[in-house]
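Chains, contacts and geometry: an overview
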Amino acid sequence: GAEVVFSVDCTKLKEYFLPGEREFDRIYFNFPHCGRKAGVVKNRELLACFFHSCTEVLAEQGEVHVALCNGQGGTPVDQPRREWHNSWQIVAVAAGAGFILSNVHPFQAETIHGYKCTGYRSQDKSFCVEGALNHIFTRSTPPLCLTPMSCKTQLGSQKVSFQVPQVLADKINRGFLKVNSSHPVRTIKEKLSAGLSQAFPLQNISSCLPLLHQGHLHGVCHSNIFCIALSPGEAPSTEETPQGLAKAVWFSHFGQDTDRNGQEGCPIPKQFYLRPSLLPHAQAIIEKGAFSPGTLHVLSGPVFRQCRITPRSMPVFHEMLVVLAVRRGTENSCIQMLVENIKTTMSSLHQAISGIKPSISLQEATSFGTELNDFAAFECQLGEIQHFICMGTEPDPSGSCVGVIRTAPDELKSSELVVVSASLNLDLLAMLLCGISDWRMLWTSDRRFLQQFPEGELRLFKSFSLYPPSYVHDVSFWVPNGEEFDEVAFHTLARRVSGEMVISIQLRDSFQQPGTGRRSLCYRVTFQSCDRALGCREAAEMQLRFREEMQQHLGVTLR
């Protein structure tokens, strides 16, 4: 009952089918080849034209299956694996047409009734299909078009609007913690709350917490926060700003502000900035007298921090802050009870997901032996920390800091009570529990991510974009004399220009010119997407834009 069409040019598929017949669910191309002794370059060109042709006749949820002989594809599944330049680079070629590799498995000719391989060097001869692989491609979500975006938030007694930093335009108001959300960060927050409620009376602070803070951030490096300019005529007076939010960040014990390079003694002017922590909101609740001793108060929401680019460094993440007032002298036992409750919940979740019990430990801040991740390093800027909560899973059993614990004896102005707080990074917990290697995947707009967590059920995540291609570009430049180079601003610019397509920035070389004292830096920038197609041409265009923006915004001179 099938229709067979002969002499079809695989690079012009739409010419052979009427408009109503161009919605194929599957397109198969078994062992494509240009014929005779065509080299890898010609066969890449064939595949590139084929994939572009597929975009015109494939259904939205359709698949493209391409079978290649062992070694041709250039993916880690090929054994032995050819050198990249000597392969067909099928994943990178497909990415140029907007496809991602979603599955790859052995090609089993014996399971296909009537199949016979033929055409060796354009002759009626068979060729070796042992170790051959079938590559299954699906459509990628389209590139992000981030347009300027404004956002409204409550500040004091009035609503104000502000321009959202472009790097955060697709991350504001995503609603991951809302009641109808099935996102894993909400599931983890709810599981933690349920566990804590077994040991403490619990109150969720459900009121809408303002996205903006105002005033000084004592001890916090200026380049680590997102400064915000309100829309003209909308700045509230000091009287209208909530008392607790107009002051310094809670628990801060630093006496000086720091400048953009982390140097003390440079006061930061009062300004508005996206909240880097929920601690000031807790302080505001205490000062209003709405804080019940003995009750665990839970606040949660996204917080925003400028940081360097690594797979676990997040410019935005969901913080869960639990605050409890206890009698002086009982704070250590309270901390132990709090941590044991968190450990029990996390161990139970991880064992249910992977069958392996994770290592969760409470480490004294004074004897913390592991190198601080960006989350922990910024928390140290906010104020004194008593303990770090660390969680280790395979393949990193040594542990990553996922939370911090503080005590503040002065906040309640009571000689009998001490405030204990625990701040948890829900996004890091989701990554460790569900085996998500890249924080960007938590924010993907691809429906295939949330489909893996039906009704909030936590499972091990299986990537729908396998072996994404990476593109390496180097950039070198002169730094203005007498100025420290702001690396965080450099990384933030790379995030913005690439739309979070940069996965790594590494310093390759630093050189000081004799005589002039001019300093030159060379960085290696690696572009790679975790969830959508990124072609080499698109990455090259990003690198060119990055170079232009560096000169304009960072004041450097390109070499």
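Here the structure is shown first, and the text comes after it.
Here goes a summary of the coordinates provided. This one's a predicted model, so the numbers in the text were calculated from it and none came from an experiment.

All right, on to the packing of helix 3 (residues 184-197) against helix 5 (residues 331-354) then. At a minimum axis separation of 9 Å, helix 3 and helix 5 run at an interaxial angle of 130°. The angle between the axes of helix 3 and helix 5 places the two elements in the oblique class. Here helix 3 and helix 5 pass one another in a crossing that is right-handed. For the pair helix 3 and helix 5, contact is made by Ile 188, Lys 191, Leu 192, Gly 195 and Leu 196 and by Leu 338, Asn 341, Ile 342, Thr 345, Met 346 and Leu 349, respectively. Its residues assigned to classes, the contact of helix 3 with helix 5 comprises seven nonpolar, three polar and one charged.

With that settled, the discussion passes to the sheet that holds strand 20 (residues 557-558). With respect to topology, four strands assemble into an open sheet ordered 18-19-17-20, the strand pairing being antiparallel. Strands with a single pairing partner mark the edges of an open sheet, and in this sheet they are strand 18 (502-512) and strand 20. The sheet contact formed by strand 18 and strand 19 (residues 519-527) spans nine bridges and is antiparallel. Paired with Val 502 across the strands is Phe 527, a residue of strand 19. Strand contacts of helix 9 (residues 487-498): strand 17 (471-479), strand 18 and strand 19, with the helix running at about 140° to strand 18, the strand carrying the most contacts. Helix 10 (residues 536-554) rests against strand 17, strand 19 and strand 20 of the sheet, and its axis sits at about 10° to strand 17.

So, about empty space enclosed by the protein. Inspection of the entire model under this criterion finds four cavities of 30 Å³ or more. By volume, the largest cavity is sized at about 70 Å³. What lines the largest cavity is a set of 13 residues, and nearest its centre among them are Ile 100, Pro 468, Pro 469, Arg 532 and Ala 533. Those elements that place two or more of their residues in the lining of the largest cavity are helix 2 (90-95) and strand 3 (99-106). The greatest single-element share of the lining of the largest cavity, amounting to three residues, is contributed by strand 3. Looking at the lining of the largest cavity, its residues break down into 10 nonpolar, two polar and one charged.

Under the counting rule described, the total for this entry stands at 16 salt bridges. Between Arg 26 and Glu 63 there is a salt bridge, with the nearest N and O atoms lying 3.2 Å from each other. Linking Arg 26 in strand 1 (residues 24-30) with Glu 63 in strand 2 (residues 58-68), this pair joins segments that are 37 residues apart in sequence. On the basis of relative accessibility, which here comes to 40%, the residue Arg 26 falls in the partly exposed class. Measuring nitrogen to oxygen at the nearest pair gives 2.9 Å for the salt bridge that ties Asp 446 to Arg 448. Residues Asp 446 and Arg 448 agree in their burial class; the two are buried.

So, on to the nonpolar core. When a protein is soluble and globular, its nonpolar side chains tend to lie buried together. Core analysis: the biggest nonpolar cluster contains 96 residues, and Phe 162, Leu 168, Ile 188, Leu 192, Leu 274, Met 346 and Leu 429 have the highest contact counts within it. The biggest single contributor to this core is strand 12 (residues 316-327), with nine residues. Dropping the residues within four chain positions of it, Leu 168 is found in contact with Phe 226, Leu 274, Phe 304, Pro 315 and Val 316. Core analysis: the second largest hydrophobic core is formed by 25 residues, Tyr 471, Phe 477, Ala 494 and Val 502 among them.

Applying the stated criterion to the full structure yields 20 aromatic pairs. When the centroid spacing of 5.7 Å and the interplanar angle of 45° are considered together, the rings of Phe 51 and Phe 99 count as tilted. Highlighted residues: Phe 51 in helix 1 (residues 40-54) and Phe 99 in strand 3, separated in sequence by 48 residues. Per residue, the accessibility class of Phe 51 equals that of Phe 99, and both read buried. Three or more aromatic residues link up through ring pairs in this structure, and these residues are Phe 29, Phe 50, Phe 51, Phe 99 and Phe 137. The ring of Trp 478 has Arg 518 sitting right over it, with the charged end atom 4.3 Å from the ring centre.

Moving on, we come to the sheet that holds strand 9 (residues 227-228). Spatially, 8-10-9 is the arrangement adopted by the three strands of the open sheet, whose pairing is antiparallel. Every interior strand has two partners, whereas the edge strands, strand 8 (212-215) and strand 9, have only one. With four bridges joining them, strand 8 and strand 10 (residues 271-274) adopt antiparallel strand pairing. Each residue of the ladder has a partner; that of His 213, found in strand 10, is Tyr 273.

Rules and cut-offs
- Residues numbered from 1 in each chain as written.
- Predicted model: local features only at pLDDT ≥ 70, side-chain atom pairs only at ≥ 80, totals over all residues.
- Heavy atoms only, no water.
- Axes fitted to C-alpha atoms, helices over the stretch in contact; angles between N-to-C directions.
- Helix = DSSP H or I, 4+ residues; strand = E, 2+ residues; numbered from the N terminus.
- Parallel < 35°, antiparallel > 145°, perpendicular 65-115°, else oblique.
- Left-handed = near helix turned anticlockwise from the far one by under 90°.
- Contact = heavy atoms within 4.5 Å.
- Nonpolar A, V, L, I, M, F, W, Y, C, P; charged D, E, K, R; others polar.
- Pairing = 2+ DSSP bridges.
- 1 Å grid on protein atoms, 1.4 Å probe; cavity = no way out; pocket = protein on both sides within 12 Å on 5 of 7 lines; lining within 4 Å.
- Points joined across faces, edges and corners; volume = space filled by probe spheres on them.
- Salt bridge = Lys/Arg side-chain N within 4 Å of Asp/Glu carboxyl O.
- Buried < 20%, exposed > 50% of the residue type's maximum accessible area, 1.4 Å probe, protein only.
- Core = buried A, V, L, I, M, F, W, Y, C linked by side-chain atoms within 4.5 Å.
- Phe/Tyr/Trp six-rings, centres within 6.5 Å; stacked < 30°, edge-to-face > 60°.
- Lys NZ or Arg CZ within 6 Å of the ring centre and 35° of its normal.

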